[in-house]
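# Structural overview for review
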Protein chains: 2
Amino acid sequence: MTQPLRLGIAGLGTVGTGVVKIVRQKANLLAARTGRPIEITAVSARNRDKDRGVSLKGYAWEDDPVKLAMRDDVDVFVELMGGADGPAKAATEAALAAGKDVVTANKAMLAIHGQELAESAEELGRVIRFEAAVAGGIPVVKALTEGLAGNEITRVMGVMNGTCNYILTRMEDSGLPYDQIFDEAHQLGYLEADPNLDVGGIDAGHKLSLLASIAYGTQVDFGNVELEGIQKISIQDIRTAAAMGFRIKLLGVAQMTGRGLEQRMSPCLVPADSPLGQLQGGTNMVVLEGDSVGQIVLRGAGAGEGPTASAVMSDVIEIARGTRLTTFGQPAAGLEKARPARAAAPAPYYLRMMLTDKPGAMAKVATVLGDAGISINRMRQTHHDDTAAPVVFVTHKTGRDALDRALAGFAGTGVVQGEAVAIRIEDV
Amino acid sequence: MTQPLRLGIAGLGTVGTGVVKIVRQKANLLAARTGRPIEITAVSARNRDKDRGVSLKGYAWEDDPVKLAMRDDVDVFVELMGGADGPAKAATEAALAAGKDVVTANKAMLAIHGQELAESAEELGRVIRFEAAVAGGIPVVKALTEGLAGNEITRVMGVMNGTCNYILTRMEDSGLPYDQIFDEAHQLGYLEADPNLDVGGIDAGHKLSLLASIAYGTQVDFGNVELEGIQKISIQDIRTAAAMGFRIKLLGVAQMTGRGLEQRMSPCLVPADSPLGQLQGGTNMVVLEGDSVGQIVLRGAGAGEGPTASAVMSDVIEIARGTRLTTFGQPAAGLEKARPARAAAPAPYYLRMMLTDKPGAMAKVATVLGDAGISINRMRQTHHDDTAAPVVFVTHKTGRDALDRALAGFAGTGVVQGEAVAIRIEDV
């Protein structure tokens, strides 16, 4: 174990630069903790001449990440380019075929191709580790794969997109509408090039699908994550929720139910005094529930140079120490295909609608709810003009099917203006 | 790796029984996650005939845990007896000498003898794992040893004794004094046979010393943990702190300073709206701070059958998967002796005293503070009788030495009745 572990790093953006800094600045610490030197032998990025604020001296340069991945002087291919397909996937496959282990922060690639890549790695006797792909610096892949491995996992929850949490928190704090805070986040550089990856819940959905695979021993199934973004959340919903003791979070939930695996990434109301409800700004939180351990809450920075590089390094260190784990916590060839279940678990819902102000309007709406089998826990009429009143219901627990029947039924009443807003209340 | 991993379990109290249940009830899950069966071959406890609510059929019985530890049909010795010395240590040593790996929940043994046992294990090529010894079900040993291994750790904090947190929370909620809530906790069975292990901070101090060793690459040094229990915390302090936006927690803090390693386990004021301040009841929380990752917060059940057994099983699973880690995150033979530093980091303090109600009293106390170089941030006089007034100061940051000078100086003023109470305010 005194041979150096040699890294080839593809992608020198924020995270890649952070990894280079740690390897350069903490050589002694890393050697003490792993029993061997950790070195970078080669790097690759789109632009060789960019000033990254860190020296690349002594590292070979490859324009082509595939060539980097296959170099004889690379033991671990560190993939920090991103993108589900293209160079990232080609280079990852090349690295595995050339006998390299792979460390990646690429949630999109693993959410789409994780099963195939994991099978390939395990056939070839290589490992793929991806701590940095989920919730930045929080060591949640390790906690779930190893720390809670003695548990049947009963539920995984997470606020795993810091940009969305920032937007929702800023809306509440400032009272400004979504569009305006979205623009602010854009100007601050918080949004992906395709903002829908953030605000549409796709990025966080990728992460959820990876955790669900580990938790339930099933093949990654991003295609069956129910995705709903935060674009329709109004300042009025945030305020009404707050007045009732809730906050709105883009919350991922994965749970195995009698009807199959439920995976959703959608805005939810959570109690304002719960750990998830108290999570403000760009911080991430993952909640893991196991039959023996109960509830474990993990909180930390979900993005940024230092935190994400810290997660990449934990995988590198794991490999340097000789630990060899399967990608998703058990052999990929044995992972079952999950039976997808759409929002199987019943829950209370928050329902907001504009009700025409005339006698009998409330009775019509209440009848629709009653006919759908939904009973009402709380109701409030927040304010009022001459023609319409905003009305909010909190229902008792109901299945999603019943809720959809009620939402469809409102249209026929002639007294609900526009579409009713329905947001699940998660019992956290 | 298809050979079963065979466990010998010494100690069948709450945790041992929990481990037996998991091994019996989740055989398929454990085999899927480790690639091999996990079996119990032999057990040992003080009382063979006790009904533990779980079958021990098929397990050999040993009255002597040392004999159990040396059995040919045991691969991993699972030590769940407790006690720093005596049978636990003898059996652990016997297990290592006989070529067994060791999984233990014994914080006292490792806090006192960890360095010696780790050196012995590593010389013999065996591993000692102890996830269950710190913060019950929270996978904090793993998070620190592995998840954050790319970081210089800047601070470790933790509320790691659920009984103390229960007592402090109940005092605040009920308004009842310490003695009464202590009796309540005793009746509920929350206290150790020697309650001072809990309320004196010893148990939590053991845990802190283990985390400090991993964090700073130093030999476990429980003897230099500054210990202060919760026995002197009055309901008045809890209420005054609450009125100023704080809660009082038995908080462990370990940090490496320019003057050496500071380890303390003592009551601290923390902001009521911080994650630590919001921790109510018997739950545990550990906060890990690293130079790259920032702040990671871990929260979960710190005790109980399921959570602690979950932690034991994570170590067993780690060994079953072939992962071989050093006890404290780097080779024990290379761990340095820590240079102990008593409360090196300056902090603001909460100071409460009964001041004789006569002209010039406040001036005398303020002069003592000023002479010690301590400046005052906030002051309040809470209520009042004819002869004395309780006065509370919040100081600006000050060193412990200056504070001790001030505390000594109050006696000479003739206006401070009894002893002043000083509680550190930790910046969390």
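Residues numbered from 1 in each chain as written. Chains lettered and ligands numbered in written order. Predicted model: local features only at pLDDT ≥ 70, side-chain atom pairs only at ≥ 80, totals over all residues. Heavy atoms only, no water.

Per an unreviewed UniProt entry, chain A is named Homoserine dehydrogenase, and its organism is Tropicimonas sediminicola.

### Focus: the overall build of chain A
A count of helices and strands for chain A gives 14 helices and 16 strands. Here the C-alpha atoms of chain A give a radius of gyration of 24 Å, agreeing with the 22 Å that 2.2 N^0.38 yields for 428 residues. Oriented by its inertia axes, the alpha-carbon framework of chain A measures out at about 80 × 45 × 35 Å. As presented, chain A carries roughly 15,700 Å² of accessible surface, and 48% of it is formed by carbon and sulfur atoms. (Helix = DSSP H or I, 4+ residues; strand = E, 2+ residues; numbered from the N terminus. Rg over C-alpha atoms; globule rule 2.2 N^0.38 Å. Areas by Shrake-Rupley, 256 points an atom, 1.4 Å probe, with all protein chains shown as cover.)

### Considering the pattern of salt bridges
Applying the stated criterion across every chain yields a total of 54 salt bridges over all chains. For Asp404 of chain A, the salt bridge is made with Arg400 of chain A, and the minimal N-O distance between the two is 3.1 Å. Taken together, the residues Asp404 of chain A and Arg400 of chain A, both in helix 14 (residues 400-411) and 4 residues apart, mark about one turn of the helix. Exposure remark for Asp404 of chain A: the relative accessible area of 26% places this residue in the partly exposed category. Lys89 of chain B is the salt-bridge partner of Glu93 of chain B, the closest N and O atoms lying 3.1 Å from each other. Taken as a pair, Glu93 of chain B and Lys89 of chain B lie in helix 4 (residues 86-97) at a separation of 4 residues, close to a single helical turn. Its relative accessible area of 33% is what places Glu93 of chain B among the partly exposed residues. Through salt bridges with shared partners, a single ionic network connects Arg129, Lys142, Glu146 and Glu318 of chain A together with Arg129, Lys142, Glu146 and Glu318 of chain B. (Salt bridge = Lys/Arg side-chain N within 4 Å of Asp/Glu carboxyl O. Buried < 20%, exposed > 50% of the residue type's maximum accessible area, 1.4 Å probe, protein only.)

### Comments concerning the nonpolar core
Across soluble globular proteins, you tend to see nonpolar side chains buried next to one another. In terms of nonpolar packing, the biggest core is built from 162 residues, with Val134 of chain A together with Val134 of chain B touching the most fellow members. Those residues within four positions of Val134 of chain A in sequence are excluded, and the remaining contacts are Val140, Val141, Met160, Lys207, Leu210 and Leu211 of chain A. Of all hydrophobic cores here, the second largest spans 33 residues; its members include Leu7, Val15, Ile38 and Met313 of chain B. (Core = buried A, V, L, I, M, F, W, Y, C linked by side-chain atoms within 4.5 Å. Contact = heavy atoms within 4.5 Å.)

### So, the relation of the copies chain A and chain B
Overlaying chain A on chain B yields an RMSD of 0.1 Å, the required transformation being a rotation through 180 degrees with an accompanying axial translation of 0.0 Å. Taken together, the rotation and translation describe the operation of a two-fold axis. Counting the interface residues of chain A, we find that 100% of their copies in chain B are interface residues as well, pointing to one common contact surface. (Least-squares fit on C-alpha atoms with pLDDT ≥ 70 in both.)

### Considering the domain arrangement of chain A
As far as domains go, chain A holds domain 1 (5-133), domain 2 (141-302) and domain 3 (349-425). For domain 1 of chain A and domain 3 of chain A, the distance between their C-alpha centres works out to 52 Å. (Domains from an automatic or database assignment.)

### Structural notes on the packing of aromatic side chains
Residues and elements named next belong to chain B. Following the criterion strictly, the structure yields 6 aromatic pairs over all chains and no others. Measuring from ring centre to ring centre gives 4.9 Å for Tyr166 and Tyr190, while their planes differ by 85 degrees; the resulting arrangement is edge-to-face. Of this pair, Tyr166 sits in helix 7 (residues 162-174) while Tyr190 is found in the loop between helix 8 (178-187) and helix 9 (196-199), placing the two residues 24 residues apart along the sequence. Relative accessible area serves as the criterion here: at 14%, Tyr166 is assigned to the buried category. Residue Tyr190 is classed as partly exposed on the basis of its relative accessible area of 39%. (Phe/Tyr/Trp six-rings, centres within 6.5 Å; stacked < 30°, edge-to-face > 60°.)

### Side note on the interface of chain A and chain B
Contact with chain A, which involves 46 residues of that partner, is made by 46 residues of chain B. Between chain A and chain B, the buried area comes to about 3,700 Å², and carbon and sulfur atoms account for 50% of it. Per-residue buried area on chain A facing chain B is highest for Arg33, Arg299 and Arg321 of chain A; these three make up 16% of the total on that side. Linking chain A with chain B are 4 salt bridges. (Buried area = accessible area lost by both parts, 1.4 Å probe.)

### Some details on the packing of helix 7 of chain B against helix 8 of chain B
The relative placement of two packed helices comes down to the angle between their axes together with the axis-to-axis distance. All names here are of chain B. Packing of helix 7 against helix 8 brings their axes to within 9 Å, and their N-to-C directions diverge by 125 degrees. Between helix 7 and helix 8, the crossing angle belongs to the class labelled oblique. Every pair of crossing elements has a handedness; the one defined by helix 7 and helix 8 is right-handed. Of the residues in helix 8, those in contact with Tyr166, Ile167, Arg170, Met171 and Ser174 of helix 7 are Tyr178, Ile181, Phe182, Glu184 and Ala185. Among the residues making up the contact of helix 7 with helix 8, the classes are represented as 7 nonpolar, 1 polar and 2 charged. (Axes fitted to C-alpha atoms, helices over the stretch in contact; angles between N-to-C directions. Parallel < 35°, antiparallel > 145°, perpendicular 65-115°, else oblique. Left-handed = near helix turned anticlockwise from the far one by under 90°. Nonpolar A, V, L, I, M, F, W, Y, C, P; charged D, E, K, R; others polar.)

### Some words on the sheet that holds strand 5 (residues 101-104) of chain B
Residues and elements named next belong to chain B. Overall, parallel pairing links the 6 strands, which are arranged 3-2-1-4-5-6 in an open sheet. Only two strands of the sheet have a single partner each, and these edge strands are strand 3 (60-61) and strand 6 (128-129). The pairing of strand 1 (residues 5-10) with strand 2 (residues 38-44) spans 6 bridges and is classified as parallel. Paired with Ile9 across the two strands is Val43, which belongs to strand 2. (Pairing = 2+ DSSP bridges.)

### Some words on the UniProt feature "binding site: NADPH" (unreviewed entry) in chain A
In the UniProt entry, the feature "binding site: NADPH" (unreviewed entry) is given for Lys107 of chain A. Note that Lys107 of chain A resides in helix 5 (residues 107-123). (UniProt positions renumbered as here; feature names shortened; annotations may be inferred.)

### Points about the sheet that holds strand 5 (residues 101-104) of chain A
Residues and elements named next belong to chain A. The 6 strands are arranged 3-2-1-4-5-6 in an open sheet whose pairing can be described as parallel. Each edge of the open sheet is held by one strand with a lone partner, namely strand 3 (60-61) and strand 6 (128-129). Strands in contact with helix 1 (residues 14-25) are strand 1 (5-10) and strand 2 (38-44); relative to strand 2, the strand with the most contacts, it is inclined by about 150 degrees.

### What to know about the UniProt feature "active site" (unreviewed entry) in chain A
Residues and elements named next belong to chain A. Residues given the UniProt feature "active site" (unreviewed entry) here are Lys207. Relative to the assigned elements, Lys207 resides in helix 10 (residues 202-216). Classification of Lys207 by relative accessible area gives buried; the value is 5%. With residues up to four places along the chain from it excluded, the contact list for Lys207 reads Lys107, Ala133, Val134, Ala135 and Met160. Of note is the side chain of Lys207, whose polar atom sits 2.7 Å from the backbone oxygen of Met160. (Polar contact = N/O pair within 3.5 Å; in protein donor to acceptor, adjacent residues only side chain to side chain.)

### Let's talk about the packing of helix 7 of chain B against helix 11 (residues 235-243) of chain B
All names here are of chain B. Helix 11 packs onto helix 7 with a crossing angle of 75 degrees between their chain directions and a minimal axis gap of 10 Å. In terms of orientation, helix 7 lies roughly perpendicular with respect to helix 11. Of helix 11, the residues touching helix 7 (which contributes Leu168, Met171 and Glu172) are Ile235, Ile238 and Ala242. A breakdown of the residues in the contact of helix 7 with helix 11 according to their chemical character gives 5 nonpolar, no polar and 1 charged.

### With respect to the side chain of Arg129 of chain B
Residue and element names in this part refer to chain B. With respect to the helices and strands, the residue Arg129 is situated in strand 6. Only 3.2 Å separates the side chain of Arg129 from the backbone oxygen of Thr326, close enough to count as a polar contact. Residue contacts for Arg129: discarding those within four places in its chain leaves Val102, Val103, Thr104, Val141, Asp315, Glu318, Ile319, Leu325, Thr326 and Thr327.

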